[in-house]
Amino acid sequence: MPLVIVPIYAALLALLFVMLSLAVVRQRRSGRVAIGTAGDRELERRVRVHGNFAEYTPLALLLLAWPSFVARLSCCCTGSACSSSSAG
């Protein structure tokens with residue numbers, strides 16, 4: 001996958017992260033909960049979804065970019081000319 005595509009995914013995932021953040025904020029405001037979840041099941045669910053997204057998205061982006069990094073590294077190590085299709 002070309003390295004140009006990864007920033008597009010990163011931008012889309014950043015927008016999704018903001019949407020998930022706003023969902024947590026809305027639920028906190030509706031339940032008047034400032035800290036923690038106060039036993040609100042819906043708020044707990046939204047906080048966990050937001051947290052899981054924050055934990056796993058960076059790893060997913062690194063895994064998307066990894067083939068491009070490996071291709072560039074192999075070209076540099078072998079001294080061969082990298083073509084744009086294999087290096088991204």
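Thresholds applied
- For every chain, the first residue of its written sequence is number 1, and the numbers climb from 1 along that sequence.
- For this predicted model, a pLDDT threshold of at least 70 governs which residues receive local features, and a threshold of 80 or more governs which side-chain atom pairs are given and counted, while totals over whole chains, interfaces and linings are taken from all residues.
- Note: side-chain values were computed over all heavy atoms of the structure, leaving out hydrogens and water.
- The helix count covers DSSP runs of H or I at least four residues long, the strand count covers runs of E at least two residues long, and both are numbered beginning at the N terminus.
- Using a 1.4 Å probe on the protein chains alone, a residue whose accessible area is under 20% of its type maximum counts as buried, one over 50% counts as exposed, and one in between counts as partly exposed.
- Whether two residues touch is decided by their heavy atoms; if any such pair falls within 4.5 Å, the residues are in contact.
- Only the protein chains shown count as cover for residues, and the accessible areas themselves come from Shrake-Rupley with a 1.4 Å probe.
- Scored from 0 to 100, pLDDT records how confident the predictor is in each individual residue.
- Expected span of a helix: the number of residues minus one, times 1.5 Å.
- Patch criteria: residues need more than 30% relative accessible area and no salt bridge. Like-charged residues are merged within 9 Å; nonpolar side chains of Val, Leu, Ile, Met, Phe, Trp and Tyr are merged within 5 Å.
- We define a salt bridge as a contact between a side-chain nitrogen of Lys or Arg and a carboxyl oxygen of Asp or Glu at a distance within 4 Å.

**Here we look at the overall build of the chain**
Turning to step 1, where the next piece is worked out: A count of helices and strands for the chain gives three helices and zero strands.
Turning to step 2, where the next piece is worked out: Start at the N end of the chain and walk to the C end: the helices and strands fall as α-α-α.
Turning to step 3, where the next piece is worked out: Per-residue burial for the chain yields a buried fraction of 18% across its 88 residues.
Turning to step 4, where the next piece is worked out: For the chain, the proportion of contacts with a sequence separation of at least 24, taken over those separated by at least 6, is 50%.
Turning to step 5, where the next piece is worked out: Just so you have it, the chain exposes about 6,300 Å², and 69% of that area is on carbon and sulfur atoms.

**What about the confidence of the model for the chain?**
Turning to step 1, where the next piece is worked out: This prediction gives the chain a mean pLDDT of 85; 81% of its residues lie at or above 70.
Turning to step 2, where the next piece is worked out: Mean pLDDT across the elements of the chain ranges from a minimum in helix H3 (residues 84-87), with 50, to a maximum in helix H1 (residues 5-31), with 94.

**A look at the side chain of glutamine 27**
Turning to step 1, where the next piece is worked out: Within the secondary structure, glutamine 27 is located in helix H1.
Turning to step 2, where the next piece is worked out: Excluding its chain neighbours within four sequence positions, the residues that come into contact with glutamine 27 are Asp40, Glu42, Leu43 and Arg46.

**Regarding H1**
Turning to step 1, where the next piece is worked out: Compared with an ideal rise of 1.5 Å per residue, which puts 27 residues at 39 Å, H1 spans 40 Å between its outermost C-alpha atoms and is within 8% of the ideal.
Turning to step 2, where the next piece is worked out: Along H1, the residues that are buried comprise Val6, Leu20, Ala23, Val24 and Gln27.
Turning to step 3, where the next piece is worked out: Positive phi shows up at arginine 32, right after H1, with a value of about 55 degrees.

**Points about a nonpolar patch on the surface**
Turning to step 1, where the next piece is worked out: A contiguous nonpolar patch, built from Ile8, Leu12 and Leu15 and spanning about 310 Å² of accessible area, is present on the exposed surface.
Turning to step 2, where the next piece is worked out: Note that isoleucine 8 resides in helix H1.

**Side note on unusual backbone geometry**
Turning to step 1, where the next piece is worked out: A positive phi angle, close to 55 degrees, is found at arginine 32, a residue other than glycine.
Turning to step 2, where the next piece is worked out: Considering the arrangement of structural elements, one finds arginine 32 in the loop between H1 and helix H2 (41-78).

**Concerning the pattern of salt bridges**
Turning to step 1, where the next piece is worked out: By the definition in use, this model includes three salt bridges.
Turning to step 2, where the next piece is worked out: Between glutamate 42 and arginine 45 there is a salt bridge whose closest N-O contact spans 2.6 Å. Taken together, the positions of glutamate 42 and arginine 45, both in helix H2 and three residues apart, correspond to about one turn of that helix.
Turning to step 3, where the next piece is worked out: Where salt bridges share partners, they join Glu42, Arg45 and Arg46 into one cluster.

**So, the environment of serine 21**
Turning to step 1, where the next piece is worked out: When you line up the elements, serine 21 lands in helix H1.
Turning to step 2, where the next piece is worked out: C-alpha of serine 21 to C-alpha of arginine 46: the two residues are 25 residues apart in sequence and 8.7 Å apart in space.

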